[in-house]
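So you can see what is in the structure, the chains are spelled out below.
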Amino acid sequence: MRKVIITVAPTGAWPTKKDNPNVPLTPKEIAEDVYESYKAGAAIAHIHVRDDEGKGTMNKEKFEETVALIKEKCDIIINLTTSGDLNATDEERQAHLKSIRPEMASYDCGSMNWMHKSVFLNAPDFLEKLGKTMQEYHIKPEIEIFDAGMIYNALYYVKKGVLKEPLHYQFVLGAPGGIAATVENLVFLKNLIPPNSTWSAFGIGKAHIPIMLATLALGGHIRVGMEDNVMFAKGQLAESNAQFVVRAANIIRECGYEVATPEEAREILGLRK
Ligand code: ZN
């Protein structure tokens, strides 16, 4: 029976309470939402944190507080962002990894223009440092792919020893500045990664459900949550992150697959014991 991993991305760096009053921003709100998502079937929590004004931050203490609150409640796999603030230094983007040692963390495999407004910088020397930090601390990188060239960056870093196969890729479709959220693009990206890889994908905004269905059909894992969508459906704000997870779990079961538990996801992704 195929097991599908659901990642919940509850917060992200951008959505505000104005976009959706239900987006969790404080450590307590995030931990509660993650726990509800875990009960609904999420095996991985992709975590961003916010400062006291609600802005995206790489503040190590906020990450520590949030992760501690989640761990009190459940054994969901913790996947920390390394890209929670476009102005953070290379060191600030890794400090929380060294203190928390999460099982996973995001690895954005290239730079891009972000939302037609700013630059999302992931310079070569930063990616080399980050890859080495993750190897040293036994953190599995989630290779975030916003465009096809980023896959070739990842393959270069594998050759260089900065990244170690088998890799887990996360295809981000529909971010302004990145590749558009179409099924053709998803098939194209999926066919570029080595066969020993695992992968997941999601579409931002209205392509969310079509990309989820295509991902399930193609053998991938999925990601849901308010980092990617504050609307549950057209004209309907999401009530919680768990609401997305419940729908995703139902769709997985309708396909005849099973929802992976955190333990099963650890096995599938080869996470450290
Ligand atoms: Zn993120």
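Everything that follows concerns the structure shown earlier in this document.
If you're wondering where the values come from, they're calculated on a predicted model, not measured in any experiment. (Residues numbered from 1 in each chain as written. Predicted model: local features only at pLDDT ≥ 70, side-chain atom pairs only at ≥ 80, totals over all residues. Heavy atoms only, no water.)

Enquirer: How would you summarise the overall build of the chain if you had to cite specific residues and measurements?
Expert: A count of helices and strands for the chain gives 9 helices and 16 strands. In summary, the chain has a C-alpha radius of gyration of 17 Å against a globular reference of 19 Å for 273 residues, a match within 12%. If you line up the chain on its principal axes, its C-alpha atoms span 45 × 40 × 40 Å. By residue count, 55% of the 273 residues in the chain fall in the buried class. Across the chain, every contact between residues at least 6 apart in sequence was considered, and the portion connecting residues at least 24 apart equals 72%. Accessible surface computed for the chain: about 11800 Å², of which carbon and sulfur atoms make up 54%. Put simply, the chain has 31 plus and 35 minus side-chain charges, and the middle of one group is 2 Å from the middle of the other. (Helix = DSSP H or I, 4+ residues; strand = E, 2+ residues; numbered from the N terminus. Rg over C-alpha atoms; globule rule 2.2 N^0.38 Å. Buried < 20%, exposed > 50% of the residue type's maximum accessible area, 1.4 Å probe, protein only. Contact = heavy atoms within 4.5 Å. Areas by Shrake-Rupley, 256 points an atom, 1.4 Å probe, with all protein chains shown as cover. Lys, Arg positive; Asp, Glu negative; His and termini not counted. Charge placed at Lys NZ, Arg CZ, Asp CG, Glu CD.)

Enquirer: Can you lay out helix α4 (residues 124-136) for me, pointing to particular residues and giving the numbers?
Expert: In this model, α4 (13 residues) spans 18 Å end to end at C-alpha, consistent with the 18 Å of a helix rising 1.5 Å per residue. In this fold, the buried residues of α4 make contact with α3 (92-100), β7 (104-108), β10 (140-145) and α5 (148-160). Just downstream of α4 lies His-138, where phi reads positive at about 55 degrees. (Expected span 1.5 Å × (residues − 1).)

Enquirer: Quick one: what's the story with the sheet that holds strand β11 (residues 168-173), residue by residue and with numbers?
Expert: Here 8 strands make up a closed barrel; going around it, the order is β2-β3-β6-β7-β10-β11-β12-β13 and the pairing parallel. Going across the sheet, the axis of each strand differs from the next one's by a mean of 30 degrees, ignoring polarity. Here helix α6 (residues 183-190) sits on the sheet in contact with β10, β11 and β12 (198-203), set at roughly 160 degrees to β11. (Pairing = 2+ DSSP bridges. Axes fitted to C-alpha atoms, helices over the stretch in contact; angles between N-to-C directions.)

Enquirer: Residues and numbers for the layout of surface pockets, please.
Expert: Looking at the largest pocket, its volume works out to about 520 Å³. Surrounding the largest pocket, 30 residues form its lining, Trp-14, Trp-114, Met-115, Ile-204 and Glu-227 being those nearest its centre. Lining the second largest pocket are 17 residues, and of these Ile-139, Lys-140, Pro-141, Lys-164 and Gly-270 lie nearest its centre. At 3 residues, the largest contribution of residues to the lining of the second largest pocket is made by α4. Among the residues making up the lining of the second largest pocket, the classes are represented as 8 nonpolar, 4 polar and 5 charged. (1 Å grid on protein atoms, 1.4 Å probe; cavity = no way out; pocket = protein on both sides within 12 Å on 5 of 7 lines; lining within 4 Å. Points joined across faces, edges and corners; volume = space filled by probe spheres on them. Nonpolar A, V, L, I, M, F, W, Y, C, P; charged D, E, K, R; others polar.)

Enquirer: Give me the pairing of β11: which residues, what numbers.
Expert: The buried fraction of β11 is high, at 6 of 6 residues. Pairing between β10 and β11: 4 bridges, direction parallel. Counted as the bridge partner of Ile-143 is Tyr-169 from β11. At this point the chain moves from β10, through α5, to the parallel β11, and the crossover so formed is right-handed. Bridging between β11 and β12 involves 6 bridges; their strand directions are parallel. Counterpart to Phe-171 in the pairing with β12 is Ala-201. Between the parallel pair β11 and β12, the chain is carried across by α6, and the sense of this crossover is right-handed. (Right-handed = clockwise from strand over helix to strand, strands pointing away.)

Enquirer: Which residues make up the packing of helix α7 (residues 208-218) against helix α8 (residues 241-254), and what are the values?
Expert: Taken N-terminus to C-terminus, the directions of α7 and α8 make an angle of 35 degrees; their axes are 11 Å apart at the nearest point. Judged by the sense of rotation from one axis to the other, the crossing of α7 with α8 is right-handed. Listed contacts from α8 to His-208, Ile-209, Met-212, Leu-213 and Leu-216 of α7 are Arg-247, Ala-248, Ile-251 and Ile-252. Classifying every residue of the contact of α7 with α8 by side-chain character gives 7 nonpolar, 1 polar and 1 charged. (Left-handed = near helix turned anticlockwise from the far one by under 90°.)

Enquirer: Before we move on, can you summarise the side chain of His-221 with the specific residues and values?
Expert: As for its placement among the helices and strands, His-221 is situated in strand β13 (residues 221-224). The class of His-221 is buried, set by a relative accessible area of 7%. For His-221, the side chain forms a polar contact with the main-chain nitrogen of Ile-5, separated by 2.9 Å. When residues no more than four places from it in sequence are discounted, the contact partners of His-221 are Lys-3, Val-4, Ile-5, His-168, Trp-199, Ser-200, Ala-201, Thr-215 and Ile-268. (Polar contact = N/O pair within 3.5 Å; in protein donor to acceptor, adjacent residues only side chain to side chain.)

Enquirer: So what's going on with the pairing of β7? Residues and values would help.
Expert: Counting buried positions over the 5 residues of β7 gives 5, a clear majority of the element. Here β7 shows two buried faces, one formed by Met-104, Ser-106 and Asp-108 and the other by Ala-105 and Tyr-107. Bridging between strand β6 (residues 77-80) and β7 involves 2 bridges; their strand directions are parallel. Directly across from Leu-80, in β7, lies its bridge partner Ala-105.

Enquirer: Now, about the packing of aromatic side chains: what can you tell me, with residues and values included?
Expert: Here the structure, examined in full by the defined rule, presents 9 aromatic pairs. Relative to Tyr-38, the ring of Tyr-35 has its centre 6.1 Å away and its plane inclined at 20 degrees; by these criteria the two rings are stacked. With Tyr-35 and Tyr-38 both in helix α1 (residues 27-40), this residue pair falls 3 residues apart, about one helical turn. Taking 5.2 Å as the distance between ring centres and 65 degrees as the angle between the ring planes, the aromatic pair formed by Tyr-156 and Tyr-157 counts as edge-to-face. (Phe/Tyr/Trp six-rings, centres within 6.5 Å; stacked < 30°, edge-to-face > 60°.)

Enquirer: Run through a nonpolar patch on the surface, naming residues and quoting values.
Expert: Among the surface-exposed residues, Trp-14, Leu-86 and Met-115 lie close enough to one another that they form a single nonpolar patch of about 270 Å² accessible area. Examined against the element boundaries, Met-115 turns out to sit in the loop between β8 (112-114) and β9 (118-120). (Patch = residues over 30% accessible without salt bridge, like charges linked within 9 Å, V, L, I, M, F, W, Y side chains within 5 Å. Salt bridge = Lys/Arg side-chain N within 4 Å of Asp/Glu carboxyl O.)

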